[in-house]
Amino acid sequence: MRRAVRLLSLALSAVFATASASHAQAPKEVVIGVIYPLSGNLAQIGIDSVTAMKMAVELYNTKSDLNLPAMKKTTEGLPGLGGAKIRLIVVDHQGKPDVGQAEAERLITQEKVTAILGSVFSSVTATTSQVAERYGVPHMNGESSSPSLTERGFKWFFRTSPHDGHFTLAMFDFLKDFEKKKGVKFKTVGLMHEDTLFGADSGKVQEELAKKYGYEVVLNMAYRAKTTSLDAEVGRLKAAGPDVFFPTSYTSDAVLYIKTAKTLEYIPRMLIAQNAGWVDPQFVAEMNKDIEGHITRSPFALDLQAKKPLIRQINELFKKQKDNPGGRDISEAPTRALTAFTVLVDAINRAKSTNPEEIRKALVATNVPPDQLLMPWTGVRFDEKGQNAGVRAILQQIQKGAYATIWPFDLAAADVIYPLPGFKDKK
Amino acid sequence: MPAGTRWTGASILLLLLLAFPLVFTQPHPRHVVITIFLFAMLAQAWNLLAGYCGQISLGHAVFFGAGAYTSTLLVKYFDLSPWLGMVVGAVVAVAVSQLIGYPVFRLRGHYFAIATIAVGEIVNTLMINWDWAGGARGLFVPIKRPDSFLNLQFHQSKQNYYYIALGLLLLAFWITRKVERSRMGYYLRAIREDQDAAASLGIPVAAYKQRAMALSAALTALGGSFYAQYILFIDPDSVFPTALSILICLVAVLGGIGTLWGPLIGAAILIPLGEWTRIYFGGTGKAMDLLIYGALIMLVSIIQPGGIMALAQRGRRRTG
């Protein structure tokens, strides 16, 4: 009985909605499902990303003239869909692939979302994209870095960001460029990585590329992600003495490494980190002078705002968001999410429809120019596997407590500090 | 309650469960019930060892993962049907359980529980570093099209997964009931009540603990295989975590440990509760869902530490 009443009221409200729509030409709505980690140890990344996307939704739903994809317009909403407004449905996947799968399914079948965006963890993106593929719904991804995601050749899966292969390639390209420029020669490299998906992938790709580029891997160590001691590892590093050291660590283990290295007085000539711990703002604040001269790869650089006014504009807006207490600067995670989101909205706008197949065609035809991107990429164009072909990884060095872009040399905002100063010299 | 009424009640429940996917055609409600079946089954398997035999294991994820990985690896490398993979997975889990049980059963009470956590962590670390099995990267179950019962893959609808999960649950119930009424059941309960007294009466304590562990492991592995085929992606983090072992234990304890219906009741309450709190409060990023979920679990354990079954039994005693 109650079910019947609910059905009836639903039908009635639908009738009224369409009736009033035809009167006032009220725009339709585009509903996008956003699946992010909002609890657990990477929750902050999810929360910041959602903040950035909500900011973008506000911009799309009002008149805005920012030079982001499909955002320069004189009307409210999306011009391609007669001024349709965007609505986000945000859900938490808790870092669990099965939760991600269930949520993707619920968003598609019950909430009738037009597209899915998510979800940081490569393992969760693996299952949410399976669901999207099965139902034929566009799935955009802005940050999962496992190369295997786009290797599956899915029809409905698109990734704007570089994967671990691109990032690691950049590190070795940098080494070669640097050798040429400074007339130095590196012979040996040492690798150390935490043992979850992220670290294992990174260590594997680094070992392969090091060999390919003609460096001798003198050490390749994995350690437990939740370890409380790295004494043995750093001791072995010191004994092996590689020219260049590549750590892949999350924040707490990165802190542990620095403290141990300081105690054991281990200083490699050059240190290139695989992002993660090294791009955590808290890490930089806490470690301060002890990480002066450390290099990390990154898909985003705040110091490019001198060359890219768009970054400054967005950063000012981001700092004012209410879910951003303390007015922190925009960082890597929210810019990645924002980029993926705007590329998706751009495709929906060009498709002039919420029909999935039309949106997919628009996504395939995507061609976002570099001046509409916060990222230092050459644009967004998807290859046949759905991977953005315009990606470019950059390297940043911590100089005087801030990130300075040092490579590619044509984007560089500062010179490379080399070799790494000792802990005593940094005081 | 007379036996006749009980059977009528059980048959009505079964009929309702059989009819459920015909009424609710949306994937999400079906998914929730499938998850309830899966966890009721896992909790029932755990209950066999912990509830009837008194050995509190917090490492059951090892058997779950063994099932998930065995069947997936066999599909991936040897193209073996997951149905056979399930059986092999159960055999592997039994072998593992016997290896673990031999040293660990020498410990009692809390020491046993702690040792099972340690075993779980060790296996998790091994799997993360085992490249052939995908390492930390995890494994995709190869997708077979079109849908086929032989391959245990259904991409069109969840209905078949639903009935398979229900079948597994019924299997777990049937086995538990058999055990409950057999000589083994009496032995297990005797061991639970007082191990030394049981031994003095001539019950081969060690052997029966091992048997209970084997049965429990085999059933848990079936659940793991089903999970892998249902989600189509596994990694050590999702099938070997201590959090999973604890959830299994929580479902059984909440419903009522050492009872036939406890695990089903526990799963029927805990799983939807987790889903709903996440759906309605999870999107805020303030972890409200986890707070509410945690508070409710605490509430139940304070009000009725014997689980919901104990509550029901108390009510029944009162009414006469």
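Cut-offs used in this document
Residues numbered from 1 in each chain as written. Chains lettered and ligands numbered in written order. Predicted model: local features only at pLDDT ≥ 70, side-chain atom pairs only at ≥ 80, totals over all residues. Heavy atoms only, no water. Helix = DSSP H or I, 4+ residues; strand = E, 2+ residues; numbered from the N terminus. Rg over C-alpha atoms; globule rule 2.2 N^0.38 Å. Contact = heavy atoms within 4.5 Å. Areas by Shrake-Rupley, 256 points an atom, 1.4 Å probe, with all protein chains shown as cover. Lys, Arg positive; Asp, Glu negative; His and termini not counted. Charge placed at Lys NZ, Arg CZ, Asp CG, Glu CD. Buried < 20%, exposed > 50% of the residue type's maximum accessible area, 1.4 Å probe, protein only. Phe/Tyr/Trp six-rings, centres within 6.5 Å; stacked < 30°, edge-to-face > 60°. Lys NZ or Arg CZ within 6 Å of the ring centre and 35° of its normal. Patch = residues over 30% accessible without salt bridge, like charges linked within 9 Å, V, L, I, M, F, W, Y side chains within 5 Å. Salt bridge = Lys/Arg side-chain N within 4 Å of Asp/Glu carboxyl O. Buried area = accessible area lost by both parts, 1.4 Å probe. Polar contact = N/O pair within 3.5 Å; in protein donor to acceptor, adjacent residues only side chain to side chain. Nonpolar A, V, L, I, M, F, W, Y, C, P; charged D, E, K, R; others polar. Pairing = 2+ DSSP bridges. Axes fitted to C-alpha atoms, helices over the stretch in contact; angles between N-to-C directions. Parallel < 35°, antiparallel > 145°, perpendicular 65-115°, else oblique. Left-handed = near helix turned anticlockwise from the far one by under 90°.

Draft legend 1. Just the overall build of chain B, in detail. For chain B, the helix and strand inventory stands at 14 helices and two strands. Scaling as 2.2 N^0.38, a compact globule of 320 residues should have a C-alpha radius of gyration of about 20 Å, and chain B matches this with 20 Å. By its C-alpha atoms, chain B is 55 × 45 × 45 Å across when sized along the principal axes. At a minimum sequence separation of 6, the contacts of chain B that also span at least 24 residues come to 75%. In the form shown here, chain B has an accessible surface area of approximately 14200 Å², with 70% of it arising from carbon and sulfur atoms. Between the mean site of the 23 positive side-chain charges and the mean site of the 12 negative ones, chain B shows a separation of 11 Å.

Draft legend 2. Representation of unusual backbone geometry. All names here are of chain A. Geometrically, the link from W407 to P408 is a cis peptide bond, its omega value of 0° lying close to zero. Along the chain, P408 falls in the segment after β12 (402–407). Even without being a glycine, E265 presents a positive backbone phi close to 50°. Among the secondary structure elements, E265 is positioned in the loop between α9 (251–264) and β9 (270–273). Relative accessible area serves as the criterion here: at 46%, E265 is assigned to the partly exposed category.

Draft legend 3. Molecular detail of the packing of aromatic side chains. Within the structure shown, the criterion is met by 33 aromatic pairs over all chains. Relative to F233(B), the ring of F140(B) lies with its centre 5.1 Å away and its plane at 55°, an arrangement referred to as tilted. Of this pair, F140(B) sits in strand β1 (residues 139–140) while F233(B) sits in strand β2 (residues 233–234); the two residues are 93 residues apart in sequence, bridging distant segments of the chain. Here the aromatic rings of Y161(B) and Y230(B) are separated by 5.0 Å at their centres, their planes lie at 70°, and the arrangement is edge-to-face. Here Y161(B) is found in helix α6 (residues 159–181), whereas its partner Y230(B) is found in helix α9 (residues 205–231), with 69 residues between them in sequence. On the accessibility criterion, Y161(B) (1% relative accessible area) is buried. Judged by its relative accessible area of 5%, Y230(B) is buried. The ring centre of F154(A) lies 4.1 Å from the NZ or CZ of R152(A), which sits over that ring. Positioned above the aromatic ring of F157(A), the side-chain terminus of R152(A) is 5.9 Å from the ring centre.

Draft legend 4. Spotlight on a nonpolar patch on the surface. Residue and element names in this part refer to chain B. Taken together, L296, M298, L299, I302, I303 and L311 make up a surface patch of nonpolar side chains, about 590 Å² in accessible area. Looking at which element gives the most residues to the nonpolar patch, the answer is helix α13 (residues 288–303), with five residues. On the accessibility criterion, I303 (56% relative accessible area) is exposed.

Draft legend 5. The arrangement of the interface of chain B and chain A in detail. Taken together, the contact pairs 30 residues of chain B with 33 residues of chain A. At the boundary of chain B with chain A, total buried surface from both sides reaches about 2900 Å², with 54% on carbon and sulfur atoms. The interface formed by chain B and chain A includes four salt bridges. Ionic pairing is found between E105(A) and K158(B), a salt bridge with its closest N-O pair at 2.8 Å. For the pair chain B and chain A, the interface holds eight residue pairs in polar contact (both at pLDDT 80 or more). Within the residue set of the side of chain B that touches chain A, elements represented by two or more residues are α2 (27–50), α5 (110–128), α9, α12 (262–281) and α13 of chain B. Residue composition of the side of chain B that touches chain A, grouped by class: 13 nonpolar, 11 polar and six charged.

Draft legend 6. Broad picture of the sheet that holds strand β3 (residues 115–118) of chain A. Residues and elements named next belong to chain A. Read across the open sheet, the five strands follow the order β2-β1-β3-β4-β5; overall the sheet is parallel. At either margin of the open sheet sits one strand with a lone partner, and together these are β2 (85–92) and β5 (157–159). Averaged over neighbouring strand pairs, the angle between their axes works out to 25° when direction is ignored. Bridge analysis of strand β1 (residues 29–36) against β2 gives eight bridges, and the strand direction is parallel. Residue E29 lies in a different strand from β2, and its bridge partner there is K85.

Draft legend 7. Layout of the packing of helix α7 (residues 183–193) of chain B against α9(B). Residues and elements named next belong to chain B. At a closest axis distance of 10 Å, the pairing of α7 and α9 adopts a crossing angle of 110°. Between α7 and α9, the interaxial angle falls into the category roughly perpendicular. The hand of the α7/α9 crossing is left-handed. Residues R183, M184, Y187, L188 and I191 of α7 pack against V205, Y208, K209, R211, A212 and L215 of α9. Partitioned by chemical class, the residues of the contact of α7 with α9 number eight nonpolar, no polar and three charged.

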